[in-house]
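# Architecture at a glance
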Amino acid sequence: MVAPFTEGPKQVKLSFLCLSPGPEVPAPLKSAAQLKKEAKKREKLEKFQQKQKIQQQQPPLAEQKKTKPEKKGKRDPGIITYDLPTPPGEKKDVSGIMPDSYSPQYVEAAWYPWWEQQGFFKPEYGRSSVSAPNPRGIFMMCIPPPNVTGSLHLGHALTNAIQDSLTRWHRMRGETTLWNPGCDHAGIATQVVVEKKLWREQGLSRHQLGREAFLREVWKWKEEKGDRIYHQLRKLGSSLDWNRACFTMDPKLSAAVTEAFVRLHEEGVIYRSTRLVNWSCTLNSAISDIEVDKKELTGRTLLSVPGYEEKVEFGVLISFAYKVQGSDSDEELVVATTRIETMLGDVAVAVHPKDPRYQHLKGKSVTHPFLSRSLPIVFDDFVDMEFGTGAVKITPAHDQNDYEVGQRHGLEAISIMDSRGALVNVPPPFLGLPRFEARKAVLAALKEQGLFRGMEDNPMVVPLCNRSKDVVEPLLRPQWYVRCGEMAQAASAAVTRGDLCILPEAHQRTWHAWMDNIRDWCISRQLWWGHRIPAYFVTVSDPAVPPGEDPDGRYWVSGRSEAEAQEKAAREFGDVLDTWFSSGLFPFSILGWPNQSEDLSVFYPGTLLETGHDILFFWVARMVMLGLKLTGRLPFREVYLHAIVRDAHGRKMSKSLGNVIDPLDVIHGVSLQGLHEQLLDSNLDPREVEKAREGQKVDFPAGIPECGTDALRFGLCAYTSQGRDINLDVNRILGYRHFCNKLWNATKFALRGLGKGFVPSPSSEPAGHRSLVDRWILSRLTEAVRLSNQGFQAYDFPAVTTAQYSFWLYELCDVYLECLKPVLSGADEAAAGCARQTLYTCLDVGLRLLSPFMPFVTEELFQRLPRRTPQAPASLCITPYPEPLECSWKDPEAEATIELALSITRAVRSLRAEYNLTRIRPDCFLEVAEEATGAMASAVSGYVQALASAGVVAVLARGAPAPQGCAVALASDRCSVHLQLQGLVDPARELGKLQAKHGEAQRQAQRLRERRAASGYSVKVPIEVQEADKVKLQQTEAELRKVDEAITLFQTML
């Protein structure tokens, strides 16, 4: 993981003081950062003491003039914007002077319209047609179509950052590349949004408006709001071929939906059946499993339910008794339920076949207290003998497990609720009551008849419709189903054979588990917005026609003729298809299926499907099953599943928590007030707005700072560790904006160093004698190229971002540019010329490496570089990506030598920080273990001077002592650094600090010795604590020795 706020993976050398020359002693335990921190503290203390002395010498405040010094105006650079007149689609003018610092608004202006206008994102670019042979291959990926209902959040931004970086990488590699955009009609979500809007603005329900008028309102809303998502995708830099953009309700895709339904229906794969479904009484529709949120309760909880003024009680288990028929002893069976109202639909009581308590009840029944029917006692293995009384009420029409028990025992399924949740098929006083009003009525009636046996808290999961927030009710309804068994077997076998690769591989187990236990898929929804199901049920007045088996009369029409019946059916049949059905056809419907086309022949099957792991079953599996069934081929060869984005606290993104973030707010920045205003514009329940506001105050007290697109994309990809969810702290993204500023300043410095008349050589191969540091930086660049390509191939995005971040920040900026400054300003023109060519190569290759993640800033900087040849591509996004064969400058010898220079530099910086030598260039003497190291140290002495801000850097002759008064640090096991302190520090002051430090270390060592010598220590104290105490004592004693040696040194300097 890249960490933008640290200095990176640099080895920190420990420092100590000793008499020079003297015996080698171990290093202390403080890091350079700690030493630097202590030095700053000392400096602050000294300034404070000086201030106190000055104040003591000054006259009292009353005698002083009360004039305040005039404050200097704080420099405000303002927001840098690109203001040159550039018509949309025209190339940005970069001929002017670069602004002083990086500004996302300046950098991101004008590039995207130019890319789009030039057709860089089209697979046809640079070739006669998409079907023209390409030895580099084809890359095709379709976007997971976002819902048309609103705007993208950071989860979508992660998806698009990953997909676009992959798409750009493949395009730059020369492959025929298509990333196909699209948008999903989102049946339930869109209908809910428009219904709320209609009620809010006109006070009308959809039923009052009528179906056709309501659908016109939905289309109108789609035209007004639907483009927001495409606008966001463009702002994210997504290199999609917009000419191929699809909407799932477009005529082309709608025709594919109809064709798929008819084919599958004719084959018997689609059929109609009455079964239990997830039902939303508020929506008056069946919903899919993915639209059900599971709210976990620990016990009694009151929840708000749409349509009820008072909150409804959940999380309690109610026990009541059924009387056994024909029992002389008034025997009863006690059962328990969390949904007491469903007892009105009970048709049996079940016990376990091996439960000894109930063997005598075989063949007997119990009496229902409110209905004129007997309930048989059935014996079934599904009953848990240890739970409650071991007796379970059976309500087949309102519980999945009960339904299966009913099927096994031939029990009648009696529905007691209509589609709105009102009770039916029950006697007064329960008839017509809303389900949760009936809950209270049934409980009161049981108590009145003396059958109530108790109530207790019960941890449970309440299913909630994530669109309407209604409690989901299992109801028996006639619906359309897809028979999934054979298709699932084929999908599972494709993964087993290796034809379809799912990454990370851990998800393959989930894939097989789902496929092996799949149930048929309910595809009908009782909505108005969506693809109307292309099926008609007609009866005619003909005795030869047998009665139909569909129990729901609403789906039957009568007619005097077949034509009339078909007309009526087309007008009256109301169900639409589950949105996931059309989404399951997306990989081939967007290419024109079932009609043959050039796109279908070239781009199907696709190369990759990239999405979040949460929709592996709901979308990915259905695409695979339908693709195999309808086309005979897999829709793609690989599936890469990324993690889910959570907030900084690890919580799921939720509008009610106020932690759902619009990526545009991260790109442009937004105030806390702006975040609050977005809540008011949302469809959030007014009761949840205040809760969300409080969440925003905690997480974003100062709003969200402007980070820019490149920083957001890079940060999201840097977070994407395989197999783990992402706890995203927006402040981390800000760190990558600072990285963009580093790129900006480095390139600006480099362009000055190259000079106006610089002409890059036609090839990146060396034209002269490269210096040691030239060889080193090219070797490190070679490694960055290798790791980047390797990471892209393995979908290891943190490895790629870390390699590129480290090269630019820690190697190019921190080392190479610093070493280059004396070369470029020196008199050796040949060395300077070679260095300039190397620097150009680093910029050229480095920007190409970063381009897939940071398309805007890299394009801006790349366009300011001269080209190697006049035939160079017009844009960075179509310039070849660096590959190991092109960048083969690996040089282990140069890397080893410069690593010594860096180790010496870290040791010198550590000593400088410890003694607060910030403005002084102390001399440095290197003591080496053998001649080879001495030769290397001599070769890098100039680099150490530049990097460590040292004075003279000299290698001591073997056995020669260092000058008196040096502090010593180990650079490596073969080299020690002696830093001259004589005359640079106050020995008396240092002695005072060391003596205080010596006293504290002595006291700490004494406490540890006493603790370890205490009676029973070796027996009572855990072994790991004893080991820790031992290590602490060794560290403290080592520190004491070093302090003693340092005291001796400073005493000689007095």
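Residues numbered from 1 in each chain as written. Predicted model: local features only at pLDDT ≥ 70, side-chain atom pairs only at ≥ 80, totals over all residues. Heavy atoms only, no water.

## A word on the overall build of the protein
Secondary structure summary: the protein contains 33 helices and 33 strands in total. Looking at the 1054 residues of the protein, the share that counts as buried comes to 53%. Considering only intrachain contacts with a sequence separation of at least 6, the fraction spanning at least 24 residues in the protein is 78%. For the protein, the accessible area works out to roughly 48,600 Å², and carbon and sulfur atoms hold 52% of it. (Helix = DSSP H or I, 4+ residues; strand = E, 2+ residues; numbered from the N terminus. Buried < 20%, exposed > 50% of the residue type's maximum accessible area, 1.4 Å probe, protein only. Contact = heavy atoms within 4.5 Å. Areas by Shrake-Rupley, 256 points an atom, 1.4 Å probe, with all protein chains shown as cover.)

## Side note on the pairing of strand E15 (residues 374-379)
As defined by bridge partners, strand E13 (residues 348-351) adjoins E15 across 3 bridges and the pair is classed as parallel. Within E15, the residue paired with Val351 across the bridge is Phe379. Note that strand E14 (residues 365-367) and E15 share 3 bridges and pair antiparallel. When the sheet's bridge partners are listed, Val366 is paired in E15 with Leu375. Where E14 hands over to E15, the hairpin turn is made up of 6 residues, counted between the paired strands. (Pairing = 2+ DSSP bridges.)

## A closer look at the environment of Thr159
The topology assignment puts Thr159 in helix H4 (residues 154-172). For Thr159, a relative accessible area of 10% gives the class buried. C-alpha of Thr159 to C-alpha of Gly612: the two residues are 453 residues apart in sequence and 7.3 Å apart in space.

## Description of the sheet that holds strand E20 (residues 501-503)
The strand order across the open sheet built from 3 strands is E20-E27-E26, with neighbouring strands paired in parallel fashion. The sheet is open, and its two borders are formed by E20 and strand E26 (606-612), each paired with just one other strand. On average, each strand axis in the sheet is tilted by 15 degrees relative to the strand beside it, whichever way the strands run. As paired elements, E20 and strand E27 (residues 636-642) share 3 bridges and run parallel to each other. Paired with Ile502 across the strands is Val639, a residue of E27. Running over the sheet, helix H18 (residues 616-631) touches E26 and E27 and is turned about 165 degrees from E26. (Axes fitted to C-alpha atoms, helices over the stretch in contact; angles between N-to-C directions.)

## Comments concerning the packing of helix H5 (residues 187-202) against helix H7 (residues 211-225)
Direction vectors running N to C along H5 and H7 enclose 100 degrees, while the axes themselves pass 10 Å from each other. As summarised for this structure, H5 and H7 are arranged roughly perpendicular, according to the angle between their axes. Where H5 abuts H7, its residues Thr190, Gln191, Val193, Val194, Glu195, Lys197, Leu198 and Gln202 lie against Phe214, Glu217, Val218 and Trp221. Its residues assigned to classes, the contact of H5 with H7 comprises 6 nonpolar, 3 polar and 3 charged. (Parallel < 35°, antiparallel > 145°, perpendicular 65-115°, else oblique. Nonpolar A, V, L, I, M, F, W, Y, C, P; charged D, E, K, R; others polar.)

## Here's the deal with the packing of aromatic side chains
Summed over all chains, the structure comprises 41 aromatic pairs. Both rings, one in Phe792 and one in Phe797, keep their centres 6.4 Å apart while their planes meet at 80 degrees; by these two values the pair is edge-to-face. Judged by relative accessible area, Phe792 falls into the buried class, the value being 1%. Each residue in the set Trp169, Tyr640, Phe714, Tyr736, Phe739, Phe792, Tyr795, Phe797, Tyr805, Tyr810, Phe853 and Tyr881 is aromatic and connected to the rest through ring pairs, giving one cluster. The ring of Phe452 carries Lys447 above its face, with NZ or CZ at 5.0 Å from the centroid. (Phe/Tyr/Trp six-rings, centres within 6.5 Å; stacked < 30°, edge-to-face > 60°. Lys NZ or Arg CZ within 6 Å of the ring centre and 35° of its normal.)

## So, the packing of helix H25 (residues 797-824) against helix H26 (residues 829-850)
Contact pair H25 / H26: the axes reach a minimum separation of 11 Å and the direction vectors enclose 165 degrees. With respect to their mutual orientation, H25 and H26 come out roughly antiparallel. H25 and H26 meet at a crossing whose hand is left-handed. The segment H25 lies against H26, with Gln804, Phe807, Trp808, Leu812, Tyr816, Leu817, Leu820, Val823 and Leu824 engaging Ala831, Ala832, Ala835, Arg836, Thr838, Leu839, Cys842, Leu843, Gly846, Leu847, Leu849 and Leu850. Considered class by class, the residues forming the contact of H25 with H26 number 17 nonpolar, 3 polar and 1 charged. (Left-handed = near helix turned anticlockwise from the far one by under 90°.)

## Regarding helix H23 (residues 730-754)
With 25 residues, H23 extends 37 Å between its outermost C-alpha atoms, agreeing within 8% with the 36 Å of an ideal straight helix rising 1.5 Å per residue. Positive phi appears at Gly755, one or two residues downstream of H23, with a value of about 85 degrees. (Expected span 1.5 Å × (residues − 1).)

## Let's talk about the pairing of strand E33 (residues 975-980)
Taken across its 6 residues, E33 has 6 buried, putting it largely inside the fold. Of the two faces of E33, the one lined by Cys975, Val977 and Leu979 and the one lined by Ser976, His978 and Gln980 are each fully buried. Sheet analysis places strand E32 (residues 966-972) next to E33, joined by 6 bridges and oriented antiparallel. Opposite Val968, over in E33, you have His978 as the bridge partner. Counting the residues that bridge the hairpin from E32 to E33 gives 2 residues.

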